[in-house]
Amino acid sequence: SHYYDKVSQYYETLSHYYEKVSHYCDLQNIFFFNCGGNGDMKNAVIGNNKQKANLIVLGAVPRLLYLLQQSSSSLELRTECAVVLGSLAMGTENNIKSLVDCHIIPALLQGLLCSDLIFIEACLRCLRTIFISPVTPVQLLYTDPTVIPHIMSLLSRSQHTQEYITQIFAHCCKVAHTPEHQMVLFNHGAIQNIAPLLISPSYKVRMQALKCFSVLAYENAQVSMTLVNVLVDGEQLSQVFARMMQRDKPIEMQLTAAKCLTYMCRAGAIRTDDNCIILKTLPCLVRMCSKERLLEERVEGAETLAFLMEPDIELQRIASVTDHLVSMLADYFKYPSSVSAITDIKRLDHDLKHAHELRQAAFKLYASLGSNDEDIRKKITETENMMDRIVSGLSESSIKVRLAAVRCLHSLSRSVQQLRTSFHDHAVWKPLMNAPDEVLVMASSTLCNLLLEFSPSKEPILESGVIELLCSLTQSDSPALRVNGIWALMNMAFQADQKVKVEIVRALGTEQLFILLSDPDTNVLMKTLGLLRNLLSTRPHIDQIMSSHGKQIMQAVTLILEGEHSIEVKEQVRISYQVLSVIHKSLILIKAYSKTSYIVL
């Protein structure tokens, strides 16, 4: 029985290997003997990632690229090669990497020089699939300066070329978000060539053209200013976008059109009080935040709305009273609920994995809403379990959620009332003390507010050893961290007792203090002067510090006055200099009189 079992196992193993060998032989037969355009290879790999990976291992890609580039190959065969390569590209990210490593992109771009439309469409379709992958280096599209103008010239060939090209452009701008890539497309006539596609009879073409404009306009004033003056079939582009936000249009179209107008507004091309912003864009984005929308739509809607109204208090006030937005965002933290309406198991699994993106978007939008108005901040903090959610968000595993939670906390910390009430009831400062590097700038900025003289959080933060942390920030290579470190110390020293001031001077060190007084960053210099003024606010503190370091401090201040600084800086230094001069001379006189016993101290 024992030997029988062993033999059975060996038989099963041999059968397994036989199947593997047969499988590879079949693939080899397809690969080596059926590349004549009969579709065997294409049919073998469509919808089967395992087959695609095996075919790549067998060395199919170099062979296919060779046939693709051979002018002696028939157009039918070259087209089939492009189709098979496109199918391989629809597999895993490893497949994409293998294709890119085989220099597929230059080969396909070269194929676009052919005059045959079907072959061009096959090459563009494959390029589209490759470029929308996150592992593809998008700069490969911009390496050869002749590529973009040639691709632009292919836009008029067919609806398929329009769809694929605009999708390639949109993705290659979106990934890098670099002005250089935006300007390359802009300078080669992207706006003039793509604008007419917004009224194409094909929904796919209209949608990809719209996405292309959204990435071109993002944080780009020149593009946005140009878009405002563009006419499409006699209608201004902003009006075309506004029409695309109507409720009867697909959600994807509404949201993308709202993004286009948002980016144009933030770039200064459209006023914040324009009707297309107040009456169209803002309400559309608020609608995207409702629980009836899909997760990704709610995330994108909230983040775009936060970006739109971030610098404008009137938009913040309008948004805060539109469709109960503040309370609506509370649902972002409850998703998915135990009674979720999602019946699609795959959809539910996807949303469970991405639920943290909802929390991140909610924190961002709350931060934007509460950045200026005291009443809105109060409404936010009174939202169900809001402060507990922020504290929980500060400890999440996702760095992006933690950063958004800190931004929200920083926005609310600008309120004197909230510092004295909600912040007093919750130890929100504790997670800030151990913030990772990715969120340290925003966390230290929030600590600056929590260390203000009237903040109840100031005492427990001091007791936690924050002085050492802040002094270490002043030595950072990051100007933002240096500013926040010295700013927090300045707030801490304001009307503080002598013990705290002495501890600040001890921990910071006079050498570092003088280094900060010669810092090239104006903000660091101004806050260091502010720290000095707060340290020297009472006579005992002045005597103690100036008697030990008066000469060095006066030299540092004199160097600032003689250096190349702005009028505002020199004015602040001049005031400090006059006060410090009087104090320093008085101390010298006191010391002199003390030695000759002319006065009794």
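About the cut-offs
- Residues numbered from 1 in each chain as written.
- Predicted model: local features only at pLDDT ≥ 70, side-chain atom pairs only at ≥ 80, totals over all residues.
- Heavy atoms only, no water.
- Axes fitted to C-alpha atoms, helices over the stretch in contact; angles between N-to-C directions.
- Helix = DSSP H or I, 4+ residues; strand = E, 2+ residues; numbered from the N terminus.
- Parallel < 35°, antiparallel > 145°, perpendicular 65-115°, else oblique.
- Left-handed = near helix turned anticlockwise from the far one by under 90°.
- Contact = heavy atoms within 4.5 Å.
- Nonpolar A, V, L, I, M, F, W, Y, C, P; charged D, E, K, R; others polar.
- UniProt positions renumbered as here; feature names shortened; annotations may be inferred.
- Phe/Tyr/Trp six-rings, centres within 6.5 Å; stacked < 30°, edge-to-face > 60°.
- Buried < 20%, exposed > 50% of the residue type's maximum accessible area, 1.4 Å probe, protein only.
- Lys NZ or Arg CZ within 6 Å of the ring centre and 35° of its normal.
- pLDDT = per-residue confidence, 0-100.
- Arc of directions from axis to C-beta.
- Salt bridge = Lys/Arg side-chain N within 4 Å of Asp/Glu carboxyl O.

- An unreviewed UniProt entry lists the protein under the name Armadillo repeat-containing protein 8, from Cyprinus carpio.

## Some words on the packing of helix α16 (residues 251-266) against helix α18 (residues 295-309)
- Close contact between α16 and α18 brings their axes to 10 Å; oriented N to C, the two are set at 20°. With respect to each other, α16 and α18 are oriented roughly parallel. When you trace α16 past α18, the crossing you get is left-handed. Contacts between α16 and α18 involve I251, L255, K259, T262, Y263, C265 and R266 on the former and, on the latter, E297, E300, G301, T304, F307 and L308.
- Taken together, the residues that form the contact of α16 with α18 break down as six nonpolar, three polar and four charged.

## Here's the deal with the UniProt feature "repeat: ARM" (unreviewed entry) in the protein
- As annotated in UniProt, the feature "repeat: ARM" (unreviewed entry) corresponds to residues 59-95 in the numbering used here.
- Along residues 59-95 one finds 76% helix and 0% strand; the C-alpha atoms at either end are 12 Å apart.

## Observations regarding the packing of aromatic side chains
- The final tally for this structure, using the stated rule, is five aromatic pairs.
- Taking the centre distance of 6.3 Å and the plane angle of 65° together, the rings of F213 and F241 count as edge-to-face. One end of the pair, F213, is in helix α13 (residues 203-217); the other, F241, is in helix α15 (residues 237-244), with 28 residues separating them in the sequence. Like F241, F213 is buried.
- Three or more aromatic residues joined by ring pairs form one cluster here, namely Y218, Y263 and F307.
- Cation over ring: R266 sits above F307, and NZ or CZ is 4.3 Å from the ring centre.
- Lying across the ring of W487, K527 places its NZ or CZ 4.0 Å from the centre.

## Brief notes about the packing of helix α33 (residues 510-517) against helix α34 (residues 522-535)
- One way to put it is that α33 packs onto α34 with a least axis distance of 8 Å and a crossing angle of 135°. Judged on the interaxial angle alone, α34 and α33 are oblique. In this structure, α33 uses L513, L516 and L517 to contact α34, whose residues at the interface are V524, L525, T528, L529, L531 and L532.
- Residues that form the contact of α33 with α34 fall into these classes: eight nonpolar, one polar and no charged.

## What about the environment of H188?
- Assignment of secondary structure puts H188 in the loop between α11 (179-187) and α12 (190-194).
- It is 9.7 Å that separates the C-alpha atoms of H188 and H150, two residues lying 38 residues apart in sequence.
- H188 has contacts with P145, I148, P149, M152 and N193, leaving out every residue within four places of it along the chain.

## Looking at the confidence of the model for the protein
- Residues at a pLDDT of 70 or more form 80% of the protein, whose mean pLDDT is 85.
- Considering each helix and strand of the protein separately, the mean pLDDT is smallest for helix α1 (residues 2-33), with a value of 48, and largest for α16, with 98.
- A low-confidence stretch, residues 17-38 stays under pLDDT 50, and its non-local contacts, those more than four residues away or across chains, total 30 contacts.
- Within the model, pLDDT remains below 50 along residues 586-601, and this stretch shows ten contacts once partners closer than five positions in the same chain are excluded.

## Let's talk about helix α6 (residues 93-101)
- Listing the buried residues of α6 in full gives N95, I96, L99 and V100. Down the axis of α6, the sector holding all buried residues measures 135°, keeping them to one side. Across α6 from its buried face, at more than 90 degrees, point the exposed residues N94 and D101.
- In this structure, the buried side of α6 is in contact with α3 (49-57), α4 (60-69), α5 (75-89), α7 (104-111) and α8 (117-131).
- Immediately downstream of α6, the backbone of H103 shows phi near 65°, a positive value.

## A short note on unusual backbone geometry
- Look at H324: it is not a glycine, yet its phi comes out positive at around 55°.
- Summarising the element assignment, H324 is placed in the loop between α19 (313-320) and α20 (325-328).
- For H324, a relative accessible area of 64% corresponds to the exposed category.
- In the Ramachandran plot, N385 falls in the positive-phi region, its phi being about 55° despite a non-glycine side chain.
- For N385, a relative accessible area of 43% puts it in the partly exposed group.

## Focus: the pattern of salt bridges
- Throughout the structure, instances matching the rule amount to 20 salt bridges.
- Here K378 ties to E382 by a salt bridge, and the two come within 2.5 Å at their closest N and O atoms.
- Taking relative accessible area as the criterion, E382 reaches 54% and is therefore assigned exposed.
- In this structure, the salt-bridge partner of E503 is R506, at a minimum N-O distance of 2.6 Å. Separated by three residues within a single helix, E503 and R506 lie in helix α32 (residues 498-508), roughly one turn from each other.
- With a relative accessible area of 28%, E503 lands in the partly exposed category.
- Within this structure, R266, E310 and R407 form a network of salt bridges that share partners.

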